[in-house]
Amino acid sequence: METPDRDVIEVRGLNHWFGIGDARKQALYDLNFAIEAGSFTVLMGPSGSGKTTVLTLLGCLRGVQDGSVRLLGEQLNGARETTLMTLRRRLGFIFQAHNLHESLTALQNVIMGVQVHGDVSDELAHKAAVHVLELVGLSDRINYLPANLSGGQKQRVAVARALVGNPALVLADEPTAALDADSASEVVDLLKRLGRSRGTTTLLVTHDSRILERADRILVLEDGRVVSDTAPRTAQKRHHP
Amino acid sequence: MSRLLQRLFGRLPIGWLQLTHNRTRFAAAIAGVAFANVLVFVQLGIMNSMAVATLRPYEFFRADIIISAADANAIADGGNVARQWMLQALANPDVIAGMGLFVANVPWDRGQTDISLTTFGIDPFKQDFISPKIAADLNLLQVNDAAILDRLARGITRDEAVAIRPQTPLSFETDGRTIKAYNTFSGGGGFGGDGYMLVSDQTFLSLFPARSSAAPDHILLRTRPGTSVDEVSEQLRGQISDSSLRIRSYADAMAEDLRYQQTRRPTGVIFGFGVFIGILVGLIIIYQVLSTDVADHLREYATFKAMGYGSRFFLGIVFEEALILGVFGFIPGLIVGTTILTVMAKVTTLPLSMTLVMAASVFVGTIAVSSLSGAIATRRVAAADPADLF
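Residue positions are given per chain, counting from 1 as you read along its sequence in written order. Chain letters and ligand numbers both follow the written order, the letters beginning at A and the numbers at 1. The model is predicted, so local features are restricted to residues of pLDDT at least 70 and side-chain atom pairs to those at 80 or more, both for listing and for counting; the totals for chains, interfaces and linings are taken over all residues. No hydrogens and no water enter the side-chain calculation; it runs on all heavy atoms of the structure.

### What to know about empty space enclosed by the protein
Definitions used throughout: a 1 Å grid over protein atoms alone; a cavity as a set of points that fits a 1.4 Å probe which cannot get out; a pocket as an open set with protein on both sides within 12 Å along at least five of seven lines; a lining residue as one with an atom within 4 Å of a point. Grid points are joined across faces, edges and corners, and a volume is the space filled by probe spheres set on the points. Counting across every chain of the model gives three cavities of 30 Å³ or more. Roughly 110 Å³ of volume is contained in the largest cavity. The wall of the largest cavity is formed by 15 residues, among which Leu91(A), Gly92(A), Arg161(A), Ala162(A) and Met307(B) lie closest to the centre. Among the secondary structure elements, those contributing two or more residues to the lining of the largest cavity are strand E6 (91-94) and helix H5 (151-163) of chain A together with helix H11 (298-307) of chain B. Under the convention adopted here, Pro, Cys and the residues Ala, Val, Leu, Ile, Met, Phe, Trp and Tyr are nonpolar, Asp, Glu, Lys and Arg are charged, and Gly plus all remaining residues are polar. Grouping the amino acids of the lining of the largest cavity by side-chain chemistry returns seven nonpolar, five polar and three charged. Together, Tyr58(B), Ile66(B), Ser68(B), Ala72(B), Asn73(B), Ala74(B), Ile75(B), His218(B), Arg248(B) and Ala253(B) line the second largest cavity. A run of H or I in DSSP counts as a helix once it spans at least four residues, and a run of E counts as a strand once it spans at least two, with each numbered from the N terminus.

Right, here's the structure in full:
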C-alpha cells in the first residue's frame, strides 16, 4: 500500500513480541493507523497497553518484527541500523524525565539537537539554539545548568532541544507527568504552538486527561490493540464514561 | 579551555564538561593519574640511575677490548685473569697496548660512618687507558700509597673534597695503611659502593697483599686505529689459550653489564617490576574513572543515541576524557616526580634525575595507557539502550 504524502506515519498489521520461548509475550496485535503531517496526536491507554512499545518502534529505537511501519516514507521493517540512525535525526524526542545532560547548560543541551546534523557551523547552531530558547521563554536561562532550573523549565529546554533541528515528527513520552498543572499546560501549549508554526507532527503519549482537549486526534490502546481512534471530545467520553 | 577544545574537536567538548562538572571527582581522578605517573617516574629514575651508576666506572677508562674471567658479569665482579693472556693478546698485530686493571672495595672508617670505595688499581704510566679528565693527574699516583679520590663519594663533604690538592692531600687509614689522596675526580655513589678511588697497581697490591701482580681482574686492550674491534675480539678468542675467558669489545661489556644489572640482579628486576606496577595502576585508575563516568552518563548517552548520534561520537567523548586525564595527570606527576627524584638524589647521592627522555616516554606512555583505558571503557557505552529511556 502506498503511503500518501500527507501521512508521516503509516502502520499496517503491526505485531510485536517480547521474550523468547515459553516467556514470549505478544505486546502489540495487528495495529493499523496512519498519522497525518502537522497533526497533534495523543496516544493514550493504561499501563502495559503497548503505548511505549509503539513509541519506541516509531522512534526507530527497536526493530520492527512483523508488519509494516512507514516513517517519513521509509519502511522500518528490515531497515539497516544506519537508515534508522539517519531517520532518528529527523525526529525530536521528549522524555518524561527530560533527560537533559546535567553537565551542559540549557544552551549547550539545545545545541546538541543541532550538532547531530553535522553540517551546521558552530555559529549557526548557537544562533538557532538561542532562538528556540527564546521561543520557549528561557532567554534569561540559557547559561543555566539543568540543576538550577525548575521542572517546567527543564521540560521547556527538552522541548527546545527536540524542536531546534526542525524535525518532521516529535515523539513525546509523558512530558507533563512530573509537572504541576500550570507547567504542564505551558509545555503542551508550547509544543503544539511551535509544532504547528513549524509544520511538525507531534505524537504524544500521556495519561494526562488535561491534554486531551488540545489534541487533534486521540488514539487509545488497550492490551496491544487500538480500541479507539477519535476526535478529543468523543475520546474523552469513551475513556471516561 | 572549553572554547579551545571546541575548536579542536569541532563539537561541544562533552568529555571536558562531564569531567569538570564534578570538580572534586575530577581532582581526585587527576591525583590518581598523577600518583601512577609518580610511581613510574620514581621507578624509572632509579632504573636510570642504576644504568648511569653501572656504566660510570667504565667511563674512567679508555679501551677497545676487555678480557675478563668467565664469571665477571660486572666490572667489579668475577675472578682474576692471568697477565700472560695480555702478552698473548699483544702478539696480535692489531693490538697495540694492554693494561691490567685491578678492582676491589676499600673500606674507610670515617668515624660515625664507614664508607666503601670501589678502588681501581692501574698502571700510572699508561695514560692512554685513562679518561682524559683524569689522565692529567695520573703522575700523582706514581708515589706510593697515593690516590685520586671521588669527590662525589658518599660521606665526603663538599668542603672536604675542595680542600684536596697535591699540596694539601687528605690522609686516611685503611687496613693499617695510610693513603694520601692528592686530587679528586668526579664519580659518585652507586649501588655497589659509596664512591670510587684510583690508585696505582703497586699501591693496590700493597693494600691487598694477597693479590698478585700477575692476576689483574680485567685486561684492557687498545687496538690499532681503523681496525674492527669485533674482528680483533674474534681473533683473540681463537688466539688466547684459555677459552673460558670473556673477550669482548669494551662497548659490549658495558651493554652486557647493564643488561645483567637490570634483568638478572634482584634490584634491577624489582625496579623494572615497579615500572610495570605503576603502568598497571595508571591503567586501572583511568579505566575506573572513565568506566564510572560512562556508567553515570548512560542515560544521557542513550538520549544522544536516540537523537541520532552514532558510536564514533561516544568513542570521541571517552577518548577525549582519557586524553584530558592523561595530560592533566601528567603535569603534576612530572612536578612531584622531579621533586622526589631530586630529594632522593641529595639523600642517596645516586645519579637520580628527571631526564627529557624519561619525561617524554612517560608522557607518551600515559597517553597510550589512557587511550587503552578509554578503549576498554567504551565497551560500556554499548549498554546505553535508548529504548530503555521510555
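Read on for the rest.
### Side note on the interface of chain A and chain B
The contact criterion used is simple: two residues touch if any of their non-hydrogen atoms lie within 4.5 Å. Taken together, the contact pairs 27 residues of chain A with 24 residues of chain B. Between chain A and chain B lies a buried interface of about 2400 Å² when both sides are counted; carbon and sulfur atoms form 64% of it. Throughout this description, the term salt bridge denotes a Lys or Arg side-chain nitrogen within 4 Å of a carboxyl oxygen of Asp or Glu. Counting the contacts that link chain A with chain B gives zero salt bridges. Any pair of N or O atoms that falls within 3.5 Å is considered a polar contact. Within protein, one atom must be able to donate a hydrogen and the other to accept it, and sequence-neighbouring residues count only if both atoms are side-chain atoms. Linking chain A with chain B are nine residue pairs in polar contact (both at pLDDT 80 or more), by the criterion used here. If one sorts the elements of the side of chain A that touches chain B by residue count, helix H3 (residues 106-115) of chain A sits on top with five residues. A class-by-class count of the residues in the side of chain A that touches chain B yields 12 nonpolar, eight polar and seven charged. We define buried area as the total accessible area lost by two parts upon association, computed with a 1.4 Å probe and summed across both.

### As for the UniProt feature "domain: ABC3 transporter permease C-terminal" (unreviewed entry) in chain B
Mapped onto the present numbering, the UniProt feature "domain: ABC3 transporter permease C-terminal" (unreviewed entry) falls at residues 273-385 of chain B. Helix makes up 83% of residues 273-385 of chain B and strand 0%. Its end C-alpha atoms lie 41 Å apart. UniProt positions are given in the numbering used here, feature names are shortened, and annotations may be inferred rather than shown by experiment.

### Concerning the domain arrangement of chain B
Residues and elements named next belong to chain B. We note that the domain assignment places domain 1 (2-54 + 266-389) and domain 2 (82-244) within chain B. In this document the domain limits rely on a domain assignment from an automatic tool or a database. Computed from C-alpha atoms alone, the centre-to-centre distance between domain 1 and domain 2 is 48 Å. Taken residue by residue, the interface counts nine residues in domain 1 and six residues in domain 2. In terms of surface lost to domain 2, no three residues of domain 1 exceed Ala53, Thr349 and Leu350, which account for 68% of the buried area on that side. There are zero salt bridges connecting domain 1 and domain 2.

### Structural notes on the sheet that holds strand E8 (residues 218-223) of chain B
Residue and element names in this part refer to chain B. Spatially, nine strands are ordered E5-E6-E4-E7-E3-E2-E8-E1-E9 in an open sheet, and the strand pairing comes out mixed. Strands with a single pairing partner mark the edges of an open sheet, and in this sheet they are strand E5 (170-174) and strand E9 (246-249). Recorded for the sheet is a direction-independent mean angle of 30° between the axes of neighbouring strands. At least two DSSP bridges between two strands are required for those strands to pair. The pairing of strand E4 (residues 146-150) with strand E7 (residues 195-200) spans three bridges and is classified as antiparallel. In the strand pairing of E7, isoleucine 148 is matched with leucine 198. To define axes, lines are fitted to C-alpha atoms, for helices over the stretch in contact only, and angles between the resulting N-to-C directions are given on a 0 to 180 degree scale.

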